[in-house]
Structure formats: structure tokens, C-alpha cells
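Architecture and fold: a report
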Protein chains: 2
Amino acid sequence: MSLKHALLGFLSYNSMTGYQLKQYVDESVQHFWNASLSQIYPTLSQMEKEGLLTMEVEYQEEKPNRKIYHITDAGRQELQRWLREPTNLPSVREAFLIKVFFGGTMEKEDILSQMNQYLKLHRDLLAMYQGPVLEKMQQEAANLERDSFFWALTLEAGINLEKAWIEWLEESIEKIKKYATD
Amino acid sequence: MSLKHALLGFLSYNSMTGYQLKQYVDESVQHFWNASLSQIYPTLSQMEKEGLLTMEVEYQEEKPNRKIYHITDAGRQELQRWLREPTNLPSVREAFLIKVFFGGTMEKEDILSQMNQYLKLHRDLLAMYQGPVLEKMQQEAANLERDSFFWALTLEAGINLEKAWIEWLEESIEKIKKYATD
DNA sequence: ATTGACATGTAATACGTTACATGATTCC
DNA sequence: GGAATCATGTAACGTATTACATGTCAAT
């Protein structure tokens, strides 16, 4: 499970609560990872049991109490071990490409409608990545030049991949219009 | 679950066994879907219960008996319904990009080693997609022109995406060599 | 003799989503 | 008055992987 390692990564910058971790994940790595709160909370308490984190309860007036998690030495070691470990390709499950694969059993207008819908989804994603996300991230990391360098790299990965999708979708739509019967 | 729908797709071409389905999946859609036999067998018997398939036992001499699955009208209807249904983006979990995101906490040589390993994985994939896979698929579909048109499209998607990965990895490796400290 | 292809499955475990449950405060 | 933010969790369910289990035949 690398949710564990993503959380260790964020907690290596700063101690924080599960709720805050969710916000960081959504803001910064959401284009290649996501996690719900109902997955984060149990994972954190399990990590505490494993000795990767320690937990401290902060009693707040006028707001709910919160549990602040701190990374331990064992946690830092585990993060570093994982960062250096060889990485396998993730298993892909692209339902969309299954539909294209069986596109021969669909009418031309139906498959074109699918392609156009998916094109819109990817165009929206690209627009989002090219929007204010990067600047926001760079601001936050103003005093962490080296970090923001790598953050920018991951964003560029997302942008490149989205561009590849969009290119393929646009070309394929033209091909289907020209060559596909029906 | 779209494993169900992928299986329906293949069974809409031909009746076959779970073992054969596994082979088709591995040969033709393995770059965007994969399924183990221990997932396929229970799924098939569940689909039979749901009335999407019927099952026929073939008693073979000198070989194990086999269960041949046939798609029903309900199965064809469900496949067509699913093919036309809007498709959501799959949730991505790219552990590799998490490692890059926290690359700031790694030494330069360690992150470069990661990048080069991943580059090799993607180059191998690209080589595979550009190898004899396509010709093989087109041969099998010799009498199914329209099908092989869409099969080729999905392969091109894989090739485009791999090229995008490789480009990003190559550029990023250069950037890290030039700009990253340590 | 042993590996690989053929053929089917169960059980345990891991990972992830959705629904359910609670409760305060702040902003519109 | 109602929605959004802050804050934490449990339970049920769905999906997927890994390990375990069995057995034949053909080729090396």
C-alpha cells in the first residue's frame, strides 16, 4: 500500500491531522493519487500501531478536538527505504479503451459520441493542470526550492500524458469519421 | 465492474472457456486491462447466475473437461448498454510520481536511478507494442476489417501514452542532471 | 524427471468506495 | 434556515491479488 508512503511523505514535511493530509493530497498529488478520509483515518491509526507515527490529541475550544500525527524515526526510515525501492508499473484499467476495442459492434455515431465525451474530460483535466495549480504550489514552496522543482516535474508529467490522450482522441475521431463504416 | 463487460465483449465474438478468455485478454487488451484466472472463473459463474451467459460442459478425453460459456440475449443487451454509457476517468495510482513528488528528500543519484529504471520499463513496453502484436491481431481479424480498425486504435493509444512517458522521463532526467542540487 | 500447456477452482488478504453516523461553528 | 468547513470514524460492499489445491498430457 503506498497510501501509507504518500502520508509518510507529507508528514515528513510537517506534523498534521488526517483532515489536513486529505487537503494536501487533493491539492498537490490529486492527479496521480487520491484517497478518501474514510481510508486515511484507519490507515493513520494502523501506522501508529506499526510505530511509523506518534499521535497527539489537541483539545480545541470552539472546534472539534483533533489528532495530530508526527512521523517517527522508523517512519522516516521506511519512507526512505520505499523511495529507493524499484517501482513497478501500476496495473491499468482503462474501461474506455475496452469500449473502443469493441467499437466494431457499435454504430459510428455512438462510438463518436463516446470519443467526444472522453475528449472533453481530458481537455478539462489539461486545463486544470495548466491553471493556477502550479503557481499555487510554487508559492507554498517559496522557501523550498528543491521541493518545488520536483513538484513541478510531476505536474509536467500529468500535462504530457493529458496532451497525449487529447492528441490520440482527436486523431482517432478523424479516422473514425473518414474510415469507419456505418 | 467492467471485467464483466470485457468478458461479454469477447464472448460476443465467440463462445469459449475461462481459460481461453484469459488468453484473449492477455493477447489483445493486456496493455489496458488484466485479469487473473482466479478472478475470471468466479466472475463467469456469477454472470451465469445473472443470466448474461449460459454454460455448457464439454467432456474431453485425454484433456480436462471444460466449461464453455455462451452469451445470452440479455448479455448482448447489457454489453450494448454499457458500451453506450458515459465513461468516467479511472482513478490513477502512480506510485512512481509519488516518489518523484518527494524526490526533494532523496539524493540526486537515487532519484536518477529511479527515473532510469522507470524509463527502461516504459521503453520495453513501447517496444512490445510496436512489435509483432499488431500484425498478429490483424491476422486474426482478417475477415473482420471493422473490428481490426478499432483494435489498432487501442494499440495506438498505448503507443502514444508510452511515448509521452518516455519523453517526459528523458526530459526530466536531463533537468535533474542540470538543475538539481546534491 | 521436470517443465509447460491445459483446465478449474477456493480461501485469505489487501485495497478502495460508498453509505452511515455525529456534532460544532461560520458564512450566506 | 441551510450549506460549507472543521473533525473523526465505522460498516458494508466491491474489486483484485496471492497463495493454495488438483490433475492430465506432451515435450525436452
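Residues numbered from 1 in each chain as written. Chains lettered and ligands numbered in written order. Predicted model: local features only at pLDDT ≥ 70, side-chain atom pairs only at ≥ 80, totals over all residues. Heavy atoms only, no water.

**Topic: the pattern of salt bridges**
All names here are of chain A. Stated precisely, the cut-off is as follows: Every case where a carboxyl oxygen of Asp or Glu lies within 4 Å of a side-chain nitrogen of Lys or Arg is listed as a salt bridge. In this scheme, a residue with accessible area under 20% of its type's maximum is buried, one over 50% is exposed, and one in between is partly exposed, where area comes from a 1.4 Å probe on protein chains only.
One pass over the full model with this rule turns up 19 salt bridges over all chains. Residue Arg-81 is joined to Glu-85 by a salt bridge in which the shortest nitrogen-to-oxygen separation is 2.9 Å. For Arg-81, a relative accessible area of 41% translates into the label partly exposed. Judged by relative accessible area, which is 31%, Glu-85 ranks as partly exposed. The network of salt bridges with common partners includes Glu-78, Arg-81 and Glu-85.

**Topic: the relation of the copies chain A and chain B**
Put simply, the test is: Copies overlap after least-squares fitting; the atoms used are the C-alpha atoms of residues with pLDDT of at least 70 in both. Note on contacts: a residue pair is in contact if any heavy atoms of the two residues lie within 4.5 Å.
The two copies are related by a screw motion: chain A maps onto chain B through a turn of 180° and a shift of 0.0 Å along the axis, at an RMSD of 0.1 Å. What we have between these two chains is a two-fold relation. A symmetric contact is evident, with 100% of the interface residues of chain A recurring at the interface of chain B.

**Observations concerning the protein's contact with DNA strand C**
Rules: We define proximity as follows: a residue is near a molecule or strand when any one of its heavy atoms falls within 4 Å of that partner. For the purposes of these results, a polar contact is taken to be a pair of N or O atoms within 3.5 Å, where, inside protein, one atom must be able to donate a hydrogen and its partner to accept one; residues adjacent in sequence count only when each atom of the pair is a side-chain atom. Numbering of helices and strands starts at the N terminus; helices are DSSP runs of H or I of at least 4 residues and strands are runs of E of at least 2. In this count, Pro and Cys sit with the nonpolar residues alongside Ala, Val, Leu, Ile, Met, Phe, Trp and Tyr, while Asp, Glu, Lys and Arg are called charged and the others, Gly among them, polar.
Around DNA strand C there are 21 residues in total, and Met-1, Ser-38 and Gln-39 of chain A together with Gln-23 and Lys-67 of chain B lie nearest to it. Sugar plus phosphate: this is where 68% of the atoms of DNA strand C within 4 Å of the protein reside. Gln-23 of chain B places a side-chain nitrogen or oxygen 2.9 Å from a phosphate oxygen of DNA strand C. Tyr-41 of chain B places a side-chain nitrogen or oxygen 3.1 Å from a phosphate oxygen of DNA strand C. Every element with two or more residues in the surface near DNA strand C is listed here: helix 3 (37-49) of chain A together with helix 2 (18-29), helix 3 (37-49) and strand 2 (66-71) of chain B. The class makeup of the residues in the surface near DNA strand C is 6 nonpolar, 10 polar and 5 charged.

**Let's talk about the interface of chain A and chain B**
Our working definition: Accessible-area loss on putting two parts together, using a 1.4 Å probe and summing over both, is the definition of buried area adopted here.
Taken residue by residue, the interface counts 70 residues in chain A and 70 residues in chain B. A buried area of about 6,900 Å², summed over both sides, lies between chain A and chain B, and 66% of it is on carbon and sulfur atoms. The largest share of the area that chain A buries against chain B comes from Phe-101, Phe-102 and Arg-146 of chain A, three residues that together contribute 12% of it. Inspection of the chain A/chain B interface yields 4 salt bridges. Among the salt bridges present, the one from Asp-110 of chain B reaches Arg-84 of chain A, with a minimum N-O distance of 2.1 Å. At the boundary of chain A with chain B, the tally comes to 32 residue pairs in polar contact (both at pLDDT 80 or more). Put simply, the parts of the chain that give the side of chain A that touches chain B at least two residues each are helix 1 (3-13), helix 2 (18-29), helix 4 (73-84), helix 5 (95-101), helix 6 (108-129) and helix 8 (145-179) of chain A. Take the side of chain A that touches chain B: its biggest share by element is 19 residues, from helix 8 of chain A. Class assignment for the residues of the side of chain A that touches chain B results in 37 nonpolar, 19 polar and 14 charged.

**A closer look at the environment of Ile-68 of chain B**
Summarising the element assignment, Ile-68 of chain B is placed in strand 2. A residue is classified by how much of its surface remains accessible, and Ile-68 of chain B, at 11% relative accessible area, is buried.

**Notes on the packing of aromatic side chains**
Note the cut-off: By convention, a stacked pair of Phe, Tyr or Trp rings (six-membered ring in the case of Trp) has centres within 6.5 Å and planes under 30 degrees apart, an edge-to-face pair has planes over 60 apart, and any other such pair is tilted. When the NZ atom of lysine or the CZ atom of arginine is within 6 Å of a ring's centre and also within 35 degrees of its normal, the charge is said to sit over that ring.
Counted by the stated rule, this structure contains 22 aromatic pairs over all chains. Measuring from ring centre to ring centre gives 3.9 Å for Phe-96 of chain A and Tyr-118 of chain A, while their planes differ by 5°; the resulting arrangement is stacked. Here Phe-96 of chain A, found in helix 5, pairs with Tyr-118 of chain A, found in helix 6; they are 22 residues apart in sequence, far enough to count as distant. Centroid distance Phe-102 of chain A to Phe-10 of chain B: 5.2 Å. Interplanar angle 85°. Geometry classified as edge-to-face. Residue Phe-102 of chain A is found in the loop between helix 5 and helix 6, and its partner Phe-10 of chain B is found in helix 1 (residues 3-13); the two belong to separate chains. Across the pair, exposure class does not vary: Phe-102 of chain A and Phe-10 of chain B are buried alike. By the ring-pair criterion, three or more aromatic residues cluster together here, those being Phe-10, Tyr-13, Tyr-24 and Trp-151 of chain A together with Phe-101 and Phe-102 of chain B. Between Lys-99 of chain A and the ring centre of Trp-82 of chain B, over which it is positioned, the NZ or CZ distance is 4.8 Å. One cation-aromatic arrangement involves Arg-93 of chain B over Trp-33 of chain A; the distance from NZ or CZ to the ring centre is 5.6 Å.

**Looking at the packing of helix 2 of chain A against helix 3 of chain A**
All names here are of chain A. Stated formally: Convention adopted: a line fitted to C-alpha atoms gives each axis, helices being fitted over their contacting stretch, and angles between N-to-C directions are expressed from 0 to 180 degrees. Small angles under 35 degrees read as roughly parallel and large ones over 145 as roughly antiparallel, with 65 to 115 read as roughly perpendicular and the rest as oblique. By convention the crossing between two helices is left-handed if the near helix lies anticlockwise of the far one by an angle smaller than a right angle, and right-handed if it lies clockwise.
Following both chains from N to C, one finds helix 2 and helix 3 inclined at 125°, their axes separated by 10 Å at the closest point. What the angle tells us is that helix 2 and helix 3 run oblique. In terms of crossing hand, the pair formed by helix 2 and helix 3 is right-handed. Residues Gly-18, Tyr-19, Leu-21 and Lys-22 of helix 2 pack against Leu-37, Ile-40, Tyr-41 and Leu-44 of helix 3.

**A short note on the domain arrangement of chain A**
The condition that has to hold: Here the limits of each domain have been adopted from an automatic or database domain assignment.
Domains assigned within chain A are domain 1 (3-84) and domain 2 (95-179). One C-alpha centre belongs to domain 1 of chain A, the other to domain 2 of chain A; they are set 29 Å apart.

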